[in-house]
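One-letter residues, chain by chain:
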Amino acid sequence: MGEDKFDVIIVGGGLAGLTAGIVLAEQGLEVLLIERGDYCGSKNVTGGRLYGHSLEKVIPGFAEEAPIERVIKKERISLMTEDTSVDIGITSKKFSTEPENTSYSVLRAKFDRWLEGKAEEAGVMLVQGIRVDHVLTDEDGKVIGIDAAEEEMYADCVILADGVNSLLAQELGMKKELEPDQVAVGAKEVIKLGEEVINERFGVQSGEGVAWMAAGDPTAGGFGGGFLYTNKDSVSIGVVATLSDIGYSDISVPNLVDRFKEHPAIAPLLEGGETEEYAAHLVSEDGIYMVPELYRDGVLVVGDAAGLVVNLGFTVRGMDFAIESGRLAAETILKAHEMRDYSAKMLSAYEKALEDSFVFRDMRAYKGFPALTANRMIYKNLPETADEIVTKLFTVDGKQDPDLVSFLLQSLLGMASPAQLLGLAGTALESL
Amino acid sequence: MKRMAIENKLALNVFHTEDNDPHIEIDKEYANEEEIRKVVLACPAECYKYIDGKVTFSHLGCLECGTCRVLSHGKLVKSWNHPFGSVGVLYRQG
Ligand SMILES: Cc1cc2nc3c(=O)[nH]c(=O)nc-3n(C[C@H](O)[C@H](O)[C@H](O)COP(=O)(O)OP(=O)(O)OC[C@H]3O[C@@H](n4cnc5c(N)ncnc54)[C@H](O)[C@@H]3O)c2cc1C
Ligand code: SF4
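Source: prediction; values computed, not measured.

Student: Please explain the overall build of chain B as it appears in this structure.
Tutor: Within chain B, the regular secondary structure consists of 3 helices and 6 strands. Starting at the N terminus, the α and β elements of chain B follow one another as α-β-β-α-β-β-α-β-β. Scaling as 2.2 N^0.38, a compact globule of 94 residues should have a C-alpha radius of gyration of about 12 Å, and chain B matches this with 14 Å. Over its C-alpha atoms, taken along the principal directions, chain B stretches across nearly 35 × 35 × 20 Å.

Student: What exactly am I supposed to notice about the packing of helix H1 (residues 15-26) of chain A against helix H8 (residues 319-339) of chain A here?
Tutor: Residue and element names in this part refer to chain A. At a minimum axis distance of 7 Å, the contact between H1 and H8 shows a crossing angle of 35 degrees. Seen from above, H1 lies across H8 with right-handed handedness. On the side of H1, the interface is formed by Leu15, Ala16, Thr19, Ala20, Val23 and Leu24, while H8 contributes Met319, Ala322, Ile323, Gly326, Arg327, Ala330, Glu331, Ile333 and Leu334. A breakdown of the residues in the contact of H1 with H8 according to their chemical character gives 11 nonpolar, 2 polar and 2 charged.

Student: What am I meant to see in the interface of chain A and chain B here?
Tutor: Quite often, the size of an interface is put as the accessible area lost when its parts meet. Taken together, the contact pairs 57 residues of chain A with 40 residues of chain B. Taking both partners together, chain A and chain B bury about 4200 Å²; carbon and sulfur atoms supply 50% of that area. Per-residue buried area on chain A facing chain B is highest for Arg131, Glu277 and Tyr278 of chain A; these three make up 18% of the total on that side. Linking Arg37 of chain B and Asp250 of chain A is a salt bridge whose minimum nitrogen-to-oxygen distance equals 2.7 Å. Taken together, chain A and chain B are joined by 31 residue pairs in polar contact (both at pLDDT 80 or more).

Student: Explanation requested: the site of ligand 1 in the structure shown.
Tutor: Contacts to ligand 1 come from 37 residues, most closely from Glu35, Thr46, Arg49, Arg108 and Asp304 of chain A. More than one chain approaches ligand 1, the contributing ones being chains A and B. One of the backbone nitrogen or oxygen atoms of Val132 of chain A is found 2.9 Å away from a nitrogen atom of ligand 1. A total of 1000 Å² of accessible area belongs to ligand 1 in isolation, and the protein chains cover 98% of it. Among the elements that line the shell around ligand 1, the one with the most residues is strand S15 (residues 274-284) of chain A, at 3 residues. Residue composition of the shell around ligand 1, by class: 15 nonpolar, 13 polar and 9 charged. Per-domain counts for the shell around ligand 1 show at least three residues from each of domain 1 (5-69 + 106-180 + 287-356) and domain 2 (183-284) of chain A.

Student: What should I look at first to understand a nonpolar patch on the surface in this one?
Tutor: The grouping of Ile77, Ile88, Ile90 and Phe314 of chain A at the surface amounts to a nonpolar patch, some 330 Å² of accessible area in total. Its place among the elements puts Ile77 of chain A in strand S4 (residues 70-80).

Student: What should I look at first to understand the site of ligand 2 in this one?
Tutor: What surrounds ligand 2 is a group of 14 residues, the closest being Cys43, Cys62, Leu63, Cys65 and Cys68 of chain B. In terms of residue class, the shell around ligand 2 is built from 11 nonpolar, 2 polar and 1 charged.

Student: Please clarify how the pattern of salt bridges should be interpreted in this entry.
Tutor: Two side chains of opposite charge can pair, provided their charged atoms sit close to one another. All names here are of chain A. Tallied over the entire structure, the rule returns 28 salt bridges over all chains. Here Arg49 ties to Glu75 by a salt bridge, and the two come within 2.6 Å at their closest N and O atoms. Of this pair, Arg49 sits in strand S3 (residues 49-51) while Glu75 sits in strand S4, and the two are 26 residues apart along the sequence. Exposure class is identical for Arg49 and Glu75. Each is buried. A salt bridge links Asp356 to Lys352, with the nearest nitrogen and oxygen atoms 2.8 Å apart. One end of the pair is Asp356 and the other is Lys352, both in helix H10 (residues 349-356) and 4 residues apart, which spans about a single turn. Since its relative accessible area comes to 57%, Asp356 is described here as exposed.

Student: It is not clear to me how the side chain of Ser85 of chain A should be interpreted in this structure. Could you clarify?
Tutor: Relative to the assigned elements, Ser85 of chain A resides in strand S5 (residues 85-91). For Ser85 of chain A, the side chain forms a polar contact with the side chain of Asp87 of chain A, separated by 2.5 Å.

Student: Is there a simple way to think about the side chain of Ser284 of chain A in this case?
Tutor: With respect to the helices, strands and loops of the structure, Ser284 of chain A is situated in strand S15. Apart from residues no more than four positions distant in its own chain, Ser284 of chain A is found in contact with Val164, Gln182, Val183, Met290, Asp304, Gly307 and Val309 of chain A.

Student: Looking at this model, I keep getting lost on unusual backbone geometry. Mind explaining?
Tutor: Excluding glycine, residues mostly have negative phi values, and the peptide bonds linking residues are mostly trans. The backbone of Glu150 of chain A shows a phi angle near 65 degrees, a positive value even though the residue is not glycine. Structurally, Glu150 of chain A is set in the loop between strand S9 (143-148) and strand S10 (151-160). You can call Glu150 of chain A exposed: its relative accessible area is 79%. If you check the backbone angles, Glu46 of chain B has positive phi at about 50 degrees while not being a glycine. Take Glu46 of chain B: it is sitting in the loop between helix H2 (33-42) and strand S3 (48-51).

Student: Would you explain H2 of chain B in this entry?
Tutor: Every α-helical turn comprises 3.6 residues, leaving residues that sit three or four positions apart pointing alike. Buried residues of H2 of chain B: Glu35, Ile36, Val39, Leu41 and Ala42 of chain B, and no others. Those residues of H2 of chain B that are buried lie in contact with strand S11 (183-192) and helix H6 (253-262) of chain A together with S3, strand S4 (54-57) and helix H3 (67-72) of chain B. The opening residue of H2 of chain B, the one whose side-chain oxygen lies 3.1 Å from the backbone nitrogen of Glu34 of chain B, is Asn32 of chain B.

Student: I would appreciate a short explanation of the packing of H8 of chain A against helix H11 (residues 358-365) of chain A in the present structure.
Tutor: For any two helices packed against each other, one specifies the inter-axial angle together with the distance between the axes. Residues and elements named next belong to chain A. Remark: H8 packs on H11, axes separated minimally by 10 Å, with the N-to-C direction vectors making an angle of 140 degrees. As the angle between them shows, H8 and H11 are arranged oblique. Only Phe358, Val359, Asp362 and Met363 of H11 make contact with H8, whose side of the interface consists of Asp320, Phe321 and Glu324. Here the contact of H8 with H11 is composed, by residue class, of 4 nonpolar, no polar and 3 charged.

Student: Would you mind showing me how to read the confidence of the model for chain B here?
Tutor: Low-pLDDT portions of the prediction should not be read for the details of their coordinates. Residues and elements named next belong to chain B. Looking at chain B as a whole, its pLDDT mean stands at 95, while 100% of the residues score no less than 70. The element-level mean pLDDT for chain B is lowest in S4, coming to 94, with H3 highest at 98. Across the interfaces of the predicted complex, the ipTM metric reaches 0.97, alongside a pTM of 0.93.

Student: What am I meant to see in the pairing of strand S8 (residues 132-137) of chain A here?
Tutor: Residue and element names in this part refer to chain A. Note: S8 against S9, 5 bridges, orientation antiparallel. Looking at S9, one finds that Leu136 is bridged to Gly145. Connecting the antiparallel pair S8 and S9 is a turn made up of 5 residues, with Gly141 showing a positive phi of about 90 degrees.

Reading guide: rules and limits
- Residues numbered from 1 in each chain as written.
- Chains lettered and ligands numbered in written order.
- Predicted model: local features only at pLDDT ≥ 70, side-chain atom pairs only at ≥ 80, totals over all residues.
- Heavy atoms only, no water.
- Helix = DSSP H or I, 4+ residues; strand = E, 2+ residues; numbered from the N terminus.
- Rg over C-alpha atoms; globule rule 2.2 N^0.38 Å.
- Axes fitted to C-alpha atoms, helices over the stretch in contact; angles between N-to-C directions.
- Left-handed = near helix turned anticlockwise from the far one by under 90°.
- Contact = heavy atoms within 4.5 Å.
- Nonpolar A, V, L, I, M, F, W, Y, C, P; charged D, E, K, R; others polar.
- Buried area = accessible area lost by both parts, 1.4 Å probe.
- Salt bridge = Lys/Arg side-chain N within 4 Å of Asp/Glu carboxyl O.
- Polar contact = N/O pair within 3.5 Å; in protein donor to acceptor, adjacent residues only side chain to side chain.
- Near = heavy atom within 4 Å.
- Areas by Shrake-Rupley, 256 points an atom, 1.4 Å probe, with all protein chains shown as cover.
- Domains from an automatic or database assignment.
- Patch = residues over 30% accessible without salt bridge, like charges linked within 9 Å, V, L, I, M, F, W, Y side chains within 5 Å.
- Buried < 20%, exposed > 50% of the residue type's maximum accessible area, 1.4 Å probe, protein only.
- Parallel < 35°, antiparallel > 145°, perpendicular 65-115°, else oblique.
- pLDDT = per-residue confidence, 0-100.
- Pairing = 2+ DSSP bridges.

Structure follows, in structure tokens:
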């Protein structure tokens with residue numbers, strides 16, 4: 001191999017790119033990873049929860065050394081109106097019992113930086129603080145390298161792991177510009193509270209934490225939701241709002257975050273806290289429908305760049321998909337390297353591998369979900385009705401309507417016609 | 001917790017700013033109010049302001065999320081790129 005040609009160039013040092021780099025370098029390939037931030041993770045934002053199973057395959061027992069925040073042991077889902085929060089709380093010994101089924105709260109600037117160290121150990125050559133400006137192709141359209149800060153670098157294969165705003169996949173024509181109904185903007189704060197305070201307020205032990213998702217008031221009835229994850233000594237709290245529904249209310253995205261923090265169910269939990277950071281990032285929401293072309297001659301697309309996310313309302317998954325797709329892309333390239341064949345035909349094994357993995361299986365299983373979640377009932381009518389019912393049920397002031405059953409029925413019918421309810425149940429079942 | 005102004009929140013972040021790299025360019029003459037309203041409401045860093053019928057934009061404080069591009073590419077937003085390497089926001093939590 002010539003000095004200036006690598007086996008593989010990876011663009012983007014998020015979870016997808018770093019995982020691909022580790023798998024490739026461990027098998028002795030010469031890998032160059034280029035990240036535009038000063039360190040891996042410096043540009044990356046997530047809500048909070050990493051399902052550990054896919055990283056377990058690459059780095060068994062990773063949680064023992066990685067900077068994870070807390071093991072998620074409690075789930076909470078809420079329907080919120082401005083005044084009220086109707087919650088389902090689940091505490092179970094069955095959550096997070098072994099590495100394969102454990103989920104962790106994480107902070108990406110810390111976590112990705114740790115994984116960057118692992119990639120370096122494996123032999124990945126890292127270049128940071130450089131933006132890749134273009135992908136280079138030959139006259140047949142085969143990808144042969146990249147152009148970064150006016151320097152050209154060549155490789156047998158390029159992996160695009162450049163995240164949701166993959167301008168490079170767009171430039172190649174593999175991916176279309178994102179549409180406002182395909183993505184949501186997430187805005188979040190990390191608020192420092194102290195480990196003991198978190199343990200007390202959230203009813204958890206050190207090392208254990210809560211994942212909390214809320215619909216309704218967090219987005220002022222617009223499509224999206226609020227989230228809160230407990231970290232070691234801070235919480236990650238924020239709002240995700242689907243772009244096509246912004247403007248449904250007059251409240252700006254930064255104000256949605258403030259309102260959510262001030263909600264009566266949230267505010268007491270944050271009392272005395274200090275905001276450490278304010279971040280924002282897009283999250284893909286259109287599931288399998290937004291997966292672009294995944295391979296061409298000499299190039300593969302992984303992680304968020306490939307739209308590999310499912311947002312189910314009660315949980316978001318993108319990180320475990322990013323890691324798995326990085327690994328599967330690397331394994332495809334290892335075979336291609338053996339055969340000295342980086343043609344689209346050879347690299348199509350990557351799509352097949354995704355198809356056979358949990359990534360496409362789960363994305364297909366939930367493909368009915370965007371339609372279900374794009375239903376105004378869930379964000380507006382349902383929280384309002386839940387509020388009305390519980391308020392009536394739990395308020396005793398000697399004045400309430402004694403005919404509670406009739407009231408509840410009325411509320412339900414006021415929310416939706418029986419046909420609508422049946423329709424909604426049908427969509428929900430289809431998506432399971 | 002007391003409500004913080006967006007400037008104060010953004011001041012908590014680390015930014016490497018580069019005045020010569022306005023990685024986002026807008027069409028200052030753009031006049032569709034409904035379109036402008038959406039971008040102003042959506043930008044998590046309040047980089048867009050609409051005052052007295054005029055839209056203004058500053059890339060300082062931009063969190064590089066891509067929201068304005070997706071909402072209004074080819075309309076209010078003329079061009080959008082990631083900032084140069086190492087420039088822009090530098091998350092320490094993420
Ligand atoms: C608010 C929010 C909440 C979420 N919650 C969850 C959750 O709880 N659980 C979950 O599993 N997922 C969640 N997700 C999704 C998850 O964060 C993503 O799916 C995941 O981060 C994707 O990883 P990635 O490596 O593909 O991309 P990224 O982490 O975005 O990495 C892309 C990298 O490429 C670099 N880059 C981009 N362009 C260039 C260029 N031209 N040159 C050089 N470098 C470049 C970037 O700097 C970045 O480091 C959430 C997302 C958001 C926004
Ligand atoms: S990229 Fe995001 S933060 Fe930056 S100006 Fe656009 S919407 Fe605002």
